[in-house]
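# Observations on the model geometry
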Amino acid sequence: MIMNTLKKALTAIALLTFSCLLSPEAQGWGNLGHATVAKIAQDHLSPKARKAIKKYIGVPLPAIASDADVFRGMWTMDLGFIPTNPDDARVAFVKTFDFSTPLNISPWSHSITVDENFKCFPTDNLDGAYINNDAYYVTLLSKKLREEAETMDPYERYKAIALIVHFLGDMHCPMHVVYLPANTVKGHIDVLYKGKKISLHSFWDNSVFETNLPKSFGDLAYLADNADKKGIKEITEGDVYDWAGRTAEKCWPLNNTWHDGDTLPSTYATEMRTTLLEQLRDAGYRLAKVLNETFK
């Protein structure tokens, strides 16, 4: 028993250490953006879905919207972790791992991958290589909850809901798209913005909010939640793969315009304000649709 306890403790320490080493730039939207998406979804839940969410997690959706980032390295990894990945598909840091020793960590990604026609792949395994695809994981988690919610372990059930909430937000963040084969860097290029060097990815995760927008997720949700019933129907038409493809096509210019070393205009966050609010809005409506269908 002592050995088992020690083994668990060492494993927990290793996972925590690994989590701390992961780049904070991978956190799509940051806490404010994810809470805004969740708030919009919360306001559009059906009575049945609202009742189920209250029963299963006990708090409103914004309270769990960033849990997938809090537990990054324990719940998810975004590094092409799975053993079937060829070495050249893994980043250097991951190559140091002994893949013969399972760490019981899901390789689930916080991004989506599309082809040259902006079509999202319905898998995370492309000819034997791992690809980023949180749209695929949303479908798996939703299906599991539809079929097993009442009998699932409470922690696993909460985790499934939290991952759906987070992944729907992430897939609408412009720099969380992998474009095969044209642009696979997900905004991880260095640009100058207001005299500071940051990555384009980091700009969209955090700096895009640094304008005269409110700092409260409730106020942001109020600004973004502006579609009528017809508009919501159009935005939520199709399934999660359709939404991923439409998001990728819309965000392509944002990914493909800038290059390493470019300088973003000091007004760029203000210029992108409409796009930001639209992406948060669309993610919120679509998240509500997923949860409404999951718990109907």
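To keep things clear, this report deals only with the structure shown in the data block. Every value quoted in this text rests on a predicted model; they were computed, and no experiment measured them. (Residues numbered from 1 in each chain as written. Predicted model: local features only at pLDDT ≥ 70, side-chain atom pairs only at ≥ 80, totals over all residues. Heavy atoms only, no water.)

What follows deals with the overall build of the chain. Scanning the chain from terminus to terminus reveals 13 helices and seven strands. Buried residues in the chain amount to 51% of all 296 residues. Taking the intrachain contacts of the chain between residues at least 6 apart in sequence as the baseline, contacts between residues at least 24 apart amount to 74%. Of the roughly 14400 Å² of accessible surface on the chain, 57% is carried by carbon and sulfur atoms. (Helix = DSSP H or I, 4+ residues; strand = E, 2+ residues; numbered from the N terminus. Buried < 20%, exposed > 50% of the residue type's maximum accessible area, 1.4 Å probe, protein only. Contact = heavy atoms within 4.5 Å. Areas by Shrake-Rupley, 256 points an atom, 1.4 Å probe, with all protein chains shown as cover.)

Take the pattern of salt bridges next. Tallied over the entire structure, the rule returns seven salt bridges. Across the pair Lys 39 and Asp 43 runs a salt bridge whose closest N-O atoms are separated by 3.2 Å. On the accessibility criterion, Lys 39 (27% relative accessible area) is partly exposed. Among the residues examined, Asp 43 registers a relative accessible area of 40% and is labelled partly exposed. Linking Glu 150 and Lys 55 is a salt bridge whose minimum nitrogen-to-oxygen distance equals 2.8 Å. With Glu 150 in the loop between α6 (134–148) and α7 (154–170) and Lys 55 in helix α3 (residues 47–57), this pair connects stretches of sequence that are 95 residues apart. Take Glu 150 and Lys 55: they sit in the same class, and that class is exposed. (Salt bridge = Lys/Arg side-chain N within 4 Å of Asp/Glu carboxyl O.)

This part is about the sheet that holds strand β7 (residues 263–264). What the three strands build is an open sheet, ordered β6-β5-β7; its pairing is mixed. Edge positions in the sheet fall to β6 (196–199) and β7, since each has one partner strand and no second. As judged from the two bridges shared by strand β5 (residues 190–193) and β7, these two strands associate in the parallel manner. Residue pairing across strands places Leu 192 opposite Thr 263, the latter belonging to β7. (Pairing = 2+ DSSP bridges.)

If you check helix α13 (residues 273–294), its first and last C-alpha atoms are 32 Å apart, about what 22 residues at 1.5 Å a residue would give, namely 32 Å. Where burial is concerned, most of α13 is hidden: 17 out of the 22 residues are buried. (Expected span 1.5 Å × (residues − 1).)

That bond from Leu 180 to Pro 181 is cis: its omega, -5°, falls within 30 degrees of zero. Position of Pro 181 among the secondary structure elements: in the loop between β4 (177–179) and β5. The phi dihedral of Lys 186 falls on the positive side, at around 55°, and the residue is not glycine. Mapped onto the fold, Lys 186 is located in the loop between β4 and β5. On the basis of relative accessible area, Lys 186 is assigned to the buried category, the value being 11%.

What follows concerns the pairing of β5. Burial of the side chains of β5 is restricted to one face: Val 191 and Tyr 193 are buried, whereas none of Asp 190 and Leu 192 on the reverse face is. Of the strand pairs in this sheet, β5 and β6 are connected by four bridges, and their pairing is antiparallel. Residue pairing in the sheet places Tyr 193 in a bridge with Lys 196 of β6. The hairpin turn running from β5 into β6, its antiparallel successor, is two residues long, and Lys 194 in that turn takes a positive phi close to 55°.

Considering all chains together, one arrives at twelve aromatic pairs under this definition. When the ring of Tyr 193 is compared with that of Phe 203, the centres are 5.1 Å apart and the planes differ by 80°; the resulting orientation is edge-to-face. With a gap of ten residues between them, Tyr 193 in strand β5 and Phe 203 in helix α8 (residues 200–205) connect regions that are remote in the sequence. One exposure class covers both Tyr 193 and Phe 203, and it is buried. Taken together, Tyr 193, Phe 203, Trp 204, Trp 258 and Tyr 268 form an aromatic cluster joined through their ring pairs. (Phe/Tyr/Trp six-rings, centres within 6.5 Å; stacked < 30°, edge-to-face > 60°.)

On to the environment of Leu 276, then. Among the structural elements, Leu 276 can be located in helix α13. Judged by its relative accessible area of 0%, Leu 276 is buried. Placed 102 residues apart in sequence, Leu 276 and Pro 174 show a C-alpha to C-alpha distance of 9.0 Å. Leu 276 has contacts with Trp 29, Val 208, Phe 209 and Leu 213, leaving out every residue within four places of it along the chain.

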